[in-house]
Amino acid sequence: MAEARARFLEASGTFEPLGVVRRHPFLSLGGAFAAGIGMNRLVRTAPYLSLLPVGVQIAGLAAKLGLLALDKSSK
């Protein structure tokens, strides 16, 4: 448990959540607007898809922490 906590703190210390927004504010605004419209339409069609952003965030965090085995040969 202590090793996992140390890995989490190490990964979270190097990750800046708003870095992309600070570097590209207008692109981020446009992307957020388009994503909001798209999610609104998806949720009307299939309400369970509203959990999609949470799943993407969890997968991204797991990949940063090394908990998700990604295929490195595809790069």
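Quick look at the structure, then. The structure presented is a predicted model; accordingly, all values stated were derived computationally and were not measured.

**A look at the overall build of the protein**
A tally of regular secondary structure across the protein gives four helices and zero strands. Secondary structure elements of the protein, listed N to C terminal, follow the sequence α-α-α-α. Counting every position in the protein, which comprises 75 residues, the buried fraction comes to 8%. When the accessible surface of the protein is split by element, carbon and sulfur atoms take 68% of a total near 6600 Å².

**Some points on helix α4 (residues 52–65)**
Counted at 1.5 Å a residue, the expected span for α4 with its 14 residues is 20 Å, and the 20 Å between its end C-alpha atoms agrees. Immediately downstream of α4, the backbone of Gly 66 shows phi near 80°, a positive value.

**Digging into a nonpolar patch on the surface**
A cluster of nonpolar residues, Phe 8, Leu 9 and Leu 61, forms a patch on the protein surface that exposes about 260 Å² of accessible area. On the secondary structure map, Leu 61 appears in helix α4.

The rules behind each value
Residues numbered from 1 in each chain as written. Predicted model: local features only at pLDDT ≥ 70, side-chain atom pairs only at ≥ 80, totals over all residues. Heavy atoms only, no water. Helix = DSSP H or I, 4+ residues; strand = E, 2+ residues; numbered from the N terminus. Buried < 20%, exposed > 50% of the residue type's maximum accessible area, 1.4 Å probe, protein only. Areas by Shrake-Rupley, 256 points an atom, 1.4 Å probe, with all protein chains shown as cover. Expected span 1.5 Å × (residues − 1). Patch = residues over 30% accessible without salt bridge, like charges linked within 9 Å, V, L, I, M, F, W, Y side chains within 5 Å. Salt bridge = Lys/Arg side-chain N within 4 Å of Asp/Glu carboxyl O.

Purely geometric numbers; function is a separate question.
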